[in-house]
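Breakdown of the fold
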Amino acid sequence: MTIITVKRSEIPPMTEQRMKEIIAIPDEDIDYSDIPELDDDFFKNAQSVNYAKAERYKPITKRK
């Protein structure tokens, strides 16, 4: 496996054309081999989070 490091500033912006290309990729062509499958053990400890109410997930805003 090759790890590629890219600076955030080097990532091109998401365009409508690129989004269409990504959506058109068939599921069977997506490589999930580096993502562990979520099994029953994972869901035994999973908790539902209401992000709208969770204080720590609210966006940080700057005052002018």
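Higher on the page you've got the structure.
In short, a report on the structure.

So, how was this worked out
- Residues numbered from 1 in each chain as written.
- Predicted model: local features only at pLDDT ≥ 70, side-chain atom pairs only at ≥ 80, totals over all residues.
- Heavy atoms only, no water.
- Helix = DSSP H or I, 4+ residues; strand = E, 2+ residues; numbered from the N terminus.
- Buried < 20%, exposed > 50% of the residue type's maximum accessible area, 1.4 Å probe, protein only.
- Areas by Shrake-Rupley, 256 points an atom, 1.4 Å probe, with all protein chains shown as cover.
- Phe/Tyr/Trp six-rings, centres within 6.5 Å; stacked < 30°, edge-to-face > 60°.
- Salt bridge = Lys/Arg side-chain N within 4 Å of Asp/Glu carboxyl O.

Check the secondary structure of the chain and you find 2 helices and 0 strands. In the chain, which comprises 64 residues, the proportion classed as buried is 2%. A total of about 7,400 Å² of accessible surface is found on the chain, and carbon and sulfur atoms cover 53% of it.

This part covers the packing of aromatic side chains. What the rule picks out here adds up to 1 aromatic pair. Taking 5.0 Å as the distance between ring centres and 90° as the angle between the ring planes, the aromatic pair formed by Phe-42 and Phe-43 counts as edge-to-face.

Bringing the pattern of salt bridges into the picture now. The tally for this structure, following the rule as stated, stands at 3 salt bridges. Here Glu-16 and Lys-20 are joined by a salt bridge, their closest N and O atoms 3.6 Å apart. In this pair, Glu-16 and Lys-20 are both assigned in helix 1 (residues 16–23), 4 residues apart and thus about one turn of the helix distant. When its relative accessible area of 49% is taken as the criterion, Lys-20 is described as partly exposed. Across the pair Glu-21 and Arg-18 runs a salt bridge, and its minimum N-O distance is 3.0 Å. On the criterion of helical spacing, the pair formed by Glu-21 and Arg-18 is a turn pair, its members being 3 residues apart in helix 1.

Shape is all these values report; function is a separate question.
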